[in-house]
Amino acid sequence: MTTSQGATLSNAPAQDAHTSKSKWNLHDTQWTLSLFGTAVGAGILFLPINIGIGGFWPLIIMACLAFPMTFLAHRGLARFVLSSKNKEADFTDVVEEHFGVNAGRLISLLYFLSIFPILLIYGVGLTNTVDSFMVNQLGMESPSRVVLSGVLVAVMIGLMMGGERLMLRAFAILVYPLVGILFFLSLYLIPSWQMPDTTMPGLGSFSKTLWLSIPIIVFSFSHAAAISSFVNKQRSHYGDLATSKSEAILKRTSLLLITFVLLFVFSCVLSLTGDQMAEAKAANVSVLSYLANITENSFIATLGPLVAFIAIMSSFLGHFLGARESFTGLVTKHSSMRPKVADKVGAVLMFFAIWFCAVKNPSILDMMDQLSGPIIAMILFIMPMIAVYKVPSLQKYRNRLSTLFVLAVGSLAVCALLYSMLS
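Source: prediction; values computed, not measured.

Caption draft 1: Structural context of empty space enclosed by the protein. Applying the stated rule across the entire model yields 2 cavities of 30 Å³ or more. Put simply, the largest cavity is a space of about 100 Å³. What lines the largest cavity is simply L72, R75, G76, R79, P384, M385, V388, L394, Y397, S402, T403 and V406. Only helix 4 (56-82), helix 16 (365-388) and helix 17 (401-422) provide two or more residues apiece to the lining of the largest cavity. Per-element tally for the lining of the largest cavity: the top contributor is helix 4, with 4 residues.

Written as structure tokens, this is what we have:
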């Protein structure tokens, strides 16, 4: 009797710790903000134009599909990374374990190449945004591009090299004002809302518009670059609870994204006519820049660069997380270099590459983004679903409606991207 009571008492602290960890806490909130910041990049400023130009009804349908597309795809990728027998496995380890060494290395290389061009784009975009703000809003002379871009890239990479705590703190500092400004701007535009054209288009053009809109939704809400690092942190922090906690964080991240981003999208779209959206798309300017130009609103003109700066910087941090991890995994598997050394070498090489691109300010960024797009769709949507039918530990997810939905959406996204590139 005494032994039984002693065992019960000794198990109580462990049970309390398990219960405490299963509750929502600050750690979960910080990672929700980090994933939100990764997803909300510069693309959000072009999202209202890109998706709104297709018409009212495609916008409504894509808005309804946005949450399942976002949550189910990222949940599938998280489950894929957690399916490894190695508790410390990163994305490259898991891919090699499930698909073999050669196929694994190829997929890992493609994964890195899908993220790295986005870092180059953000390096150029951040430099241009800060330079424009200093010249147009502050009335200063344009600074040396070499110095400005070098300082900006060094600061961002320095935050990432400072460890998880510093990184999460930086995300929290960036994301709170981003959410607040997006929400405020969405409400600020309400008085200028107009009745949209609710005419139902023909079935053929309607279907094509929906199909070509899928990649826009996929990549506007994508935080795939940070999933592997995120999942590994949950595994080390929560142990056996990693899967359920990861899925809970991903669900709240998706809800946060859908709520704030779609409110911003609808508010912008309802403030513009179809002709105005077509004009903005032809001018290749962000929705806030276009609104500032046609309304001569100094308030929007001031907030626009601020939103762009915060969005680009927060998304840069999340994508650097994925590029850094995949680079380290690739190098350590092809050489005798230790992970810590490879990590530092990768950070230095990426710093100089991003800095060089930011100084050169190339005009091929859209093409680079399109090249990385199909790879991201395959890695985020298709590969984890293929693994469901190949990996024994994932077989419980076979033939589920969610699995088939993600696989179908991924296939449509890849086909739509390839069609857009070839047409």
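Next comes the rest of the description.
Caption draft 2: Representation of the pattern of salt bridges in the model. In this structure the tally under the stated criterion is 4 salt bridges. Its salt-bridge partner being R79, residue E247 comes within 2.8 Å of it at the nearest N-O pair. A residue pair is termed long-range when its members are at least 10 positions apart, and E247 in helix 11 (residues 242-270) and R79 in helix 4 qualify at 168 residues. Taken individually, E247 and R79 each receive the classification buried, so the pair is uniform in this respect. With a shortest N-O distance of 3.7 Å, E96 and R105 are connected by a salt bridge.

Caption draft 3: Here's a closer look at helix 10 (residues 227-238). A rise of 1.5 Å per residue sets the reference length of helix 10, with its 12 residues, at 16 Å; its end C-alpha atoms lie 16 Å apart and thus fit the reference within 8%. Burial of helix 10 is extensive: 9 of the 12 residues sit out of reach of the surface. For helix 10, the complete set of buried residues consists of I227, S228, S229, F230, V231, N232, Q234, R235 and Y238. Backbone geometry just after helix 10 places G239 at a positive phi near 65 degrees.

Caption draft 4: Summary view of the confidence of the model for the protein chain. Confidence in the prediction for the protein chain averages 83 pLDDT; 91% of positions are at 70 or higher. Every residue in residues 1-5 scores below 50 in pLDDT, and together they form 0 contacts with partners more than four places removed in sequence or on other chains.

Caption draft 5: Spotlight on the state of the cysteines. Within the structure shown, the criterion is met by 0 disulfides. Free cysteine: C64, not disulfide-bonded; nearest cysteine sulfur from C268 at 19 Å. Taking the relative accessible area as the measure of exposure, C64 reaches 57% and is therefore exposed.

Caption draft 6: Expanded view of the environment of L250. By the element assignment, L250 lies in helix 11. What makes L250 buried here is its relative accessible area of 1%. Counting along the chain gives 173 residues from L250 to S423, while the straight-line C-alpha distance between them is 35 Å. Beyond its immediate stretch of four places on either side in the chain, L250 contacts L35, F71, H74, R75, A78, H223, I227 and F230.

Caption draft 7: Representation of unusual backbone geometry within the structure. At N399, a position not held by glycine, the phi torsion is positive, near 60 degrees. On the basis of relative accessibility, which here comes to 61%, the residue N399 falls in the exposed class.

Caption draft 8: Fine view of the packing of aromatic side chains. Across all of its chains, the model carries 15 aromatic pairs by this definition. The interplanar angle of 50 degrees and the centroid separation of 5.9 Å between the aromatic rings of F112 and F327 together place this pair among those described as tilted. Pair noted here: F112 is in helix 6 (residues 101-137) and F327 is in helix 14 (residues 298-334), with a separation of 215 residues, a long-range link. The same class applies to F112 and to F327, which are both buried. An aromatic cluster is defined as three or more aromatic residues linked by ring pairs; in this entry it consists of F80, F91, F99 and Y111. Over the ring of Y397 we find R79, and its NZ or CZ is 3.9 Å from the ring centre. Its end group placed over the ring of W24, R252 keeps NZ or CZ at 4.0 Å from the ring centre.

Caption draft 9: Region of the structure containing the packing of helix 9 (residues 203-220) against helix 17. Where helix 9 meets helix 17, the axes come as close as 8 Å, and the angle between the chain directions of the two elements is 105 degrees. With respect to helix 17, the axis of helix 9 lies roughly perpendicular. Where helix 9 approaches helix 17, its residues K208, W211, L212, I214, P215, V218 and F219 are matched on the opposing element by V409, L412, A413, C415, A416, L417, Y419 and S420. Looking at the contact of helix 9 with helix 17 residue by residue, the classes come out as 13 nonpolar, 1 polar and 1 charged.

Caption draft 10: Region of the structure containing the side chain of T127. Assignment of secondary structure puts T127 in helix 6. Owing to a relative accessible area of 1%, T127 belongs among the buried residues under this scheme. When residues no more than four places from it in sequence are discounted, the contact partners of T127 are R145, L148, S149, L152 and A358.

Caption draft 11: Summary view of the layout of surface pockets. Here the second largest pocket is characterised by a volume of approximately 800 Å³. In this structure, the second largest pocket is lined by 26 residues; those nearest its centre are S229, K233, R324, E325 and D343. Split by residue class, the lining of the second largest pocket holds 6 nonpolar, 7 polar and 13 charged.

Caption draft 12: Spatial organisation of the environment of A280. Topologically, A280 is positioned in helix 12 (residues 274-283). Given a relative accessible area of 0%, A280 falls into the buried group. In this structure the C-alpha to C-alpha distance between A280 and M161, which are 119 residues apart in sequence, comes to 38 Å.

Caption draft 13: Structural detail: a nonpolar patch on the surface. Together, L106, L109, L110 and L113 make up a nonpolar patch on the protein surface, roughly 330 Å² of accessible area in all. Along the chain, the position of L109 falls in helix 6. Given a relative accessible area of 40%, L109 falls into the partly exposed group.

Definitions and cut-offs
- Positions within a chain are numbered from 1, following the residues in the order the chain's sequence is written.
- Only residues with pLDDT of at least 70 are given local features in this predicted model, and only at 80 or more are side-chain atom pairs given and counted; all residues enter the totals for whole chains, interfaces and linings.
- Hydrogen atoms and water are omitted, and side-chain values are computed over all heavy atoms in the structure.
- Here a cavity means grid points, on a 1 Å grid over the protein atoms only, where a 1.4 Å probe fits yet cannot get out; a pocket means an open set of points with protein on both sides within 12 Å along at least five of seven lines; lining residues are those with an atom within 4 Å of a point.
- Grid points are joined across faces, edges and corners, and a volume is the space filled by probe spheres set on the points.
- Working definition: helices are DSSP H or I runs of at least four residues, strands are E runs of at least two. Numbering for both runs from the N terminus.
- Put simply, a salt bridge is a Lys or Arg side-chain nitrogen that is within 4 Å of an Asp or Glu carboxyl oxygen.
- Type-normalised accessible area, obtained with a 1.4 Å probe on protein chains alone, sets the label of each residue: buried when under 20%, exposed when over 50%, and partly exposed for intermediate values.
- Expected span of a helix: the number of residues minus one, times 1.5 Å.
- Note on scores: pLDDT gives the predictor's confidence for each residue, bounded by 0 and 100.
- Two residues qualify as a contact provided that any one of their heavy atoms is within 4.5 Å of a heavy atom in the partner residue.
- Cysteine sulfur atoms that pair up within 2.5 Å are treated as a disulfide.
- Here a Phe, Tyr or Trp ring, Trp counted by its six-membered ring, pairs with any other such ring whose centre lies within 6.5 Å, and the pair is stacked when the planes are under 30 degrees apart, edge-to-face when over 60, and tilted otherwise.
- Whether a charge sits over a ring depends on NZ of Lys or CZ of Arg being within 6 Å of the ring centre and within 35 degrees of the ring normal.
- Helix axes are fitted only over the stretch in contact, all axes being lines through C-alpha atoms; the angle between N-to-C directions runs from 0 to 180 degrees.
- Orientation categories follow fixed angle ranges, with anything under 35 degrees roughly parallel, anything over 145 roughly antiparallel, 65 to 115 roughly perpendicular, and all other angles oblique.
- Note that Gly is not counted as nonpolar here; it falls among the polar residues with everything else outside the nonpolar set of Ala, Val, Leu, Ile, Met, Phe, Trp, Tyr, Cys and Pro and the charged set of Asp, Glu, Lys and Arg.
- Each patch is built from residues lacking any salt bridge and having more than 30% relative accessible area; the joining distance is 9 Å for like charges and 5 Å for nonpolar side chains (Val, Leu, Ile, Met, Phe, Trp, Tyr).
- Throughout, the Shrake-Rupley method with a 1.4 Å probe supplies accessible areas, and for residues the shown protein chains are the sole cover considered.

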